[in-house]
Amino acid sequence: MSSEEVPKIPSIELSQNRFLLTSGPKETHAQAQEAIMKKIKEDNMAPFYELICEEQGWPVDTALLSEMKKENEEALKKLDERLKDAEENLGETEISDTLLARAEHLAKIGDKEKSLTAYRVAFEKTVALGSRLDILFANIRTGFFYRDNDIVSRNIEKARSMIEEGGDWDRRNRLKVYEGAYLMTIRNFKGAADLFIATLSTFTSTELMEYKDFVTYAVLSSVLALKRVDIKNKVIDSPEVLEVLHEIPHLEDYLRSLYAGDYAKFFNSLAALETSSMKRSWVLFPHYRYYVREMRIRAYAQLLESYRSLTMQSMAHSFGVSEEFIDKDLSKFISAGRLNCVIDKVNGIVETNRPDAKNAQYQQAIKQGDILLNRVQKLSRVINV
């Protein structure tokens, strides 16, 4: 199956609209609801319609539901007849293709359990490694669609094992994108960044996400997880990123401002991305508070690296915020052990106290020595007894 032939089943766009309707900003609800109903009617999604009505508390349009169920039954009847003909008159390839078409139909109308069962039957009847991998990718998309990380992780493991047996170049890259998206959903930004960067020049997985979304995820995960020099070499200077960076609101300012040390612009773009991207993404929404907090810490630490001390007024000016905000924010992160500095409130100064490498080794040696002494003492008591 070539990249152009990968079906957008189930529809991740529909899943995104469902997320917006449930958890997105209020101003997105009406448009999301309209898009959902349009897709339901286009694809006769009777099972999904019942699910969304129950979830949202909508009254069920019984006439519409009855009409869609009738269409579903007729479609399944045709597929069953096609399968019977394939079993009686044709070969294994035709049987496999029909079983896959049946599974795709069930996935398309939003019948989660029946589609997973049908994909499993199709997988068992399929011989070709590439086709078996395509079924696993469909299962992964189903897991993403229903936010079922157990389905996603199990099928990624199966696909990874099969890829090692001889998967082709296209499917190897596709698996990296799928796994990167999964790692984002479980807050493994470092793993996601590595996989996204590895596939920047080979991305074809538009059945899972649009290229602009892919670049957004690649940039956001990389800025959080990578070292500053790697951000420059692997992201800022990447032709694939540069090609679309200017088309994504606030992302270019965000990426370049942190690297350049323009912290006021960085704070503004981070806040803008929180509103325009993170809170509107089914991938990022569960983690946006964590992400924003970690990026504030990273920015503070990056500025403090260059100084032994600096005034609160200067730091507040650098970030474009008030001294009260800086005082409160830094105090929170210092008390949590996330920043190596102290605040001298009398003189209005922030002083860094970064431990050097030798001091860190010394502290580690003392800690390990204490552990060893405790074990020796316990052992001596046992021997004496």
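All values derive from a computational prediction rather than experimental measurement.

A. Seen up close, the overall build of the chain. Counting its secondary structure elements, the chain contains 19 helices and 3 strands. For 385 residues, the compact-globule estimate of 2.2 N^0.38 gives 21 Å, and the C-alpha radius of gyration of the chain, at 27 Å, exceeds that figure by more than 25%. Dimensions of the chain, computed from the C-alpha atoms along their principal axes, are close to 85 × 65 × 45 Å. The buried share among the 385 residues of the chain stands at 46%.

B. The nonpolar core, seen in detail. Counting residues in hydrophobic clusters, the biggest one holds 112 residues, and the most contacted among them are Tyr254, Tyr291 and Met315. By residue number, the principal contributor to this core is helix H16 (residues 288-304), which donates 9 residues. Once residues lying within four places of it in the same chain are set aside, the contact partners of Tyr291 are Phe189, Leu220, Val223, Leu224, Tyr254, Leu270 and Met278.

C. Spotlight on the packing of aromatic side chains. With the rule as written, the count across this model stands at 19 aromatic pairs. With a centroid separation of 6.2 Å and an interplanar angle of 10°, the aromatic rings of Phe189 and Tyr290 are classed as stacked. Here Tyr290 lies in helix H16 and Phe189 lies in helix H10 (residues 189-198), a separation of 101 residues in the sequence. By the ring-pair criterion, three or more aromatic residues cluster together here, those being Tyr254, Tyr263, Phe266, Phe267, Tyr300, Phe319 and Phe333.

D. Spotlight on the packing of helix H14 (residues 251-260) against helix H15 (residues 263-276). Relative orientation of the contacting elements H14 and H15 amounts to 145°, with a least axis distance of 8 Å. H15 is crossed by H14, and the crossing has left-handed handedness. In contact with Leu251, Asp253, Tyr254, Ser257 and Leu258 of H14, H15 contributes Tyr263, Lys265, Phe266, Ser269, Leu270 and Leu273.

E. Local environment of unusual backbone geometry. Cis peptide bonds are those with omega within 30 degrees of zero, and the linkage from Ile9 to Pro10 qualifies with -15°. Examined against the element boundaries, Pro10 turns out to sit in the segment before helix H1 (12-23). For Arg187, which is not a glycine, the phi torsion comes out positive at approximately 70°. Looking at the element boundaries, Arg187 is found in the loop between helix H9 (169-185) and H10. When its relative accessible area of 37% is taken as the criterion, Arg187 is described as partly exposed. Look at His250: it is not a glycine, yet its phi comes out positive at around 75°.

F. A look at the pairing of strand E3 (residues 349-352). Along E3, the buried face is formed by Val350 and Thr352; none of Ile349 and Glu351, which line the opposite face, is buried. For strand E1 (residues 309-311) and E3, the ladder comprises 3 bridges, and the chain directions are antiparallel. Considered in E3, the bridge of Thr311 is made with Ile349. Strand direction decides the pairing type here: strand E2 (residues 341-344) and E3, joined by 4 bridges, are antiparallel. Following the sheet pairing, Asp344 is matched in E3 by Ile349. Where E2 folds back onto E3 in an antiparallel hairpin, the turn is made up of 4 residues, including Gly348, whose phi is positive at roughly 65°.

G. Just the pattern of salt bridges, in detail. All told, the structure shown has 24 salt bridges when counted by the stated rule. The partner of Lys112 in a salt bridge is Asp148, with the nearest N and O atoms 3.0 Å apart. On the criterion of sequence distance, the pair formed by Lys112 in helix H6 (residues 112-125) and Asp148 in the loop between helix H7 (129-145) and helix H8 (149-163) is long-range, its members being 36 residues apart. A salt bridge links Asp329 to Lys332, with the shortest nitrogen-to-oxygen separation between them at 3.5 Å. Of this pair, Asp329 and Lys332 both sit in helix H18 (residues 323-335), separated by 3 residues, roughly a single helical turn. Via salt bridges that share partners, Asp134, Asp168 and Arg171 belong to a single interconnected network.

H. Broad picture of the sheet that holds E2. The strand order E1-E3-E2 describes an open sheet built from 3 strands, whose pairing is antiparallel. Only two strands of the sheet have a single partner each, and these edge strands are E1 and E2. This sheet shows a mean twist of 20° between the axes of neighbouring strands, independent of strand direction. Strand contacts of H18: E2 and E3, with the helix running at about 140° to E2, the strand carrying the most contacts.

I. Representation of a negative patch on the surface in the model. Taken together, the side chains of Glu67, Glu71, Glu73 and Glu74 make up a negatively charged region of the molecular surface. Along the polypeptide, Glu73 turns up in helix H4 (residues 62-89). Residue class for Glu73 comes out exposed when judged on its relative accessible area of 56%.

J. Region of interest: the environment of Met315. Turning to its location among the elements, Met315 is positioned in helix H17 (residues 312-319). It is 56 Å that separates the C-alpha atoms of Met315 and Arg132, two residues lying 183 residues apart in sequence. Apart from the residues lying within four places of it in its own chain, the contact partners of Met315 are Tyr300, Leu303, Leu304, Leu310, Ile326, Leu330 and Val350.

K. Up close: the environment of Leu79. Within the secondary structure layout, Leu79 lies in helix H4. On the basis of relative accessible area, Leu79 is assigned to the buried category, the value being 12%. In contact with Leu79, not counting residues within four places along its chain, are Thr98, Ala101, Arg102 and His105.

Reading guide: rules and limits
Residues numbered from 1 in each chain as written. Predicted model: local features only at pLDDT ≥ 70, side-chain atom pairs only at ≥ 80, totals over all residues. Heavy atoms only, no water. Helix = DSSP H or I, 4+ residues; strand = E, 2+ residues; numbered from the N terminus. Rg over C-alpha atoms; globule rule 2.2 N^0.38 Å. Buried < 20%, exposed > 50% of the residue type's maximum accessible area, 1.4 Å probe, protein only. Core = buried A, V, L, I, M, F, W, Y, C linked by side-chain atoms within 4.5 Å. Contact = heavy atoms within 4.5 Å. Phe/Tyr/Trp six-rings, centres within 6.5 Å; stacked < 30°, edge-to-face > 60°. Axes fitted to C-alpha atoms, helices over the stretch in contact; angles between N-to-C directions. Left-handed = near helix turned anticlockwise from the far one by under 90°. Pairing = 2+ DSSP bridges. Salt bridge = Lys/Arg side-chain N within 4 Å of Asp/Glu carboxyl O. Patch = residues over 30% accessible without salt bridge, like charges linked within 9 Å, V, L, I, M, F, W, Y side chains within 5 Å. Areas by Shrake-Rupley, 256 points an atom, 1.4 Å probe, with all protein chains shown as cover. Lys, Arg positive; Asp, Glu negative; His and termini not counted. Charge placed at Lys NZ, Arg CZ, Asp CG, Glu CD.

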